[in-house]
Amino acid sequence: MFAGLIRFNSLPDIGFAHHFYSDNHSYTYNSKKKSFEIVYVNSGIIEAEFNGEKIYAPEGSVFVLFRHLPISVKKSGEKDCVHSTVQVEFDYEFSLITDGTAIPFGRALLPFVTLPCKETEQIKRELNAIISQLGISREKNRFSASMRFVGIIQKLDELARKNIGTQSSSDSVLSYKIKRYVLENIDSSFTLAELAAHLKKTPNYINQEFKKVNGITIKQYAIKKKIAMVAELMKKQGVSFKDACRNVGISDMPYGYRLFKKHMGTTPKEFMKGDTHK
């Protein structure tokens, strides 16, 4: 995990705030000014590279782009990448956090990527509110928008500390990495052995530790997320059940149908009609 640790020395001054469509170009940053963006990924996947490692921000996640770091960013895959972003410049102290680094209090912890959850949906709404505020009147709403941005930073800090903790055990960090891998590879049918090799652990170990923290196996978690994505693609984007399954790496339609009915409590057809039998 890469994260930035910042201490405020002034109130953030918002530079730009807008909805953005990513093209196929790669953008490389290494600014002399201290500035960063908080980005909500509305669709597609953002791929970044930093210190020789790939970082992925999937749909529904929040990506923090520290523009003063040597980091390259582009869209990943064929799907269009659309995101909402707010950029700020202000005086702050910065430290880079990686796995195993002690995390002190008194500073805001901002992971490069915060995976989809109810809190990232809240952050999405706050970013959209800032974009709307500044679109109406930048001068009139500058202070209010800056305070909203501070609230977003505080929310990301709270969520990061909740997920990995100031006394993070290797189990909680490992669980976070597994969940991130699952979401980044939601469109494939990766094996437990492939995931274990990626993490440089044994399959049995990662499965046991993941279940200890989450109460379910990695396979069960992956299936749960795949079916949730199928339901979202159908309901929000009008994608057919067959195409939605293929988008998450499920090619066996009868199998996908059984999984959907088990996890959603209804058939795909009834789900689209709004009928459930839970």
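This text follows the structure it describes.
None of the values given here were measured: they were computed from a predicted structure.

Criteria and cut-off values
- Residues numbered from 1 in each chain as written.
- Predicted model: local features only at pLDDT ≥ 70, side-chain atom pairs only at ≥ 80, totals over all residues.
- Heavy atoms only, no water.
- Helix = DSSP H or I, 4+ residues; strand = E, 2+ residues; numbered from the N terminus.
- Buried < 20%, exposed > 50% of the residue type's maximum accessible area, 1.4 Å probe, protein only.
- Polar contact = N/O pair within 3.5 Å; in protein donor to acceptor, adjacent residues only side chain to side chain.
- Contact = heavy atoms within 4.5 Å.
- Axes fitted to C-alpha atoms, helices over the stretch in contact; angles between N-to-C directions.
- Parallel < 35°, antiparallel > 145°, perpendicular 65-115°, else oblique.
- Pairing = 2+ DSSP bridges.

Colleague: Mind showing me how you'd approach the side chain of T85 here?
Modeller: Relative to the helices and strands, T85 resides in strand β9 (residues 81-89). Look at T85 and you get buried, because its relative accessible area is 2%. Within polar-contact distance, the side chain of T85 engages the side chain of E37 at 2.6 Å. Leaving out residues up to four positions away in the same chain, T85 has contacts with F16, A17, H18, E37, I38, V39 and I131.

Colleague: I'm lost on the packing of helix α6 (residues 218-237) against helix α8 (residues 253-264) in this one. Help?
Modeller: What describes two packed helices is the angle between their axes and the distance between those same axes. α8 packs onto α6 with a crossing angle of 90 degrees between their chain directions and a minimal axis gap of 10 Å. In terms of their interaxial angle, α6 and α8 are classed as roughly perpendicular. Contact with α6, carried on its side by I223, K224, I227, V230, A231 and M234, involves Y255, G256, L259, F260, H263 and M264 of α8 and no other residues of that element.

Colleague: Help me understand the sheet that holds strand β6 (residues 53-57), please; the structure alone is not making it clear to me.
Modeller: Sheet strands pair by backbone hydrogen bonding; their relative direction is either parallel or antiparallel. Ordered in space as β3-β8-β5-β6, the 4 strands form an open sheet in which the pairing is antiparallel. The open sheet has two free edges, formed respectively by β3 (27-29) and β6, since each of these has just one partner strand. Taken over all neighbouring pairs, the strand axes of this sheet differ in orientation by 25 degrees on average, direction set aside. Note: strand β5 (residues 45-50) against strand β8 (residues 71-76), 6 bridges, orientation antiparallel. By the bridge assignment for β8, I46 is matched with K75.

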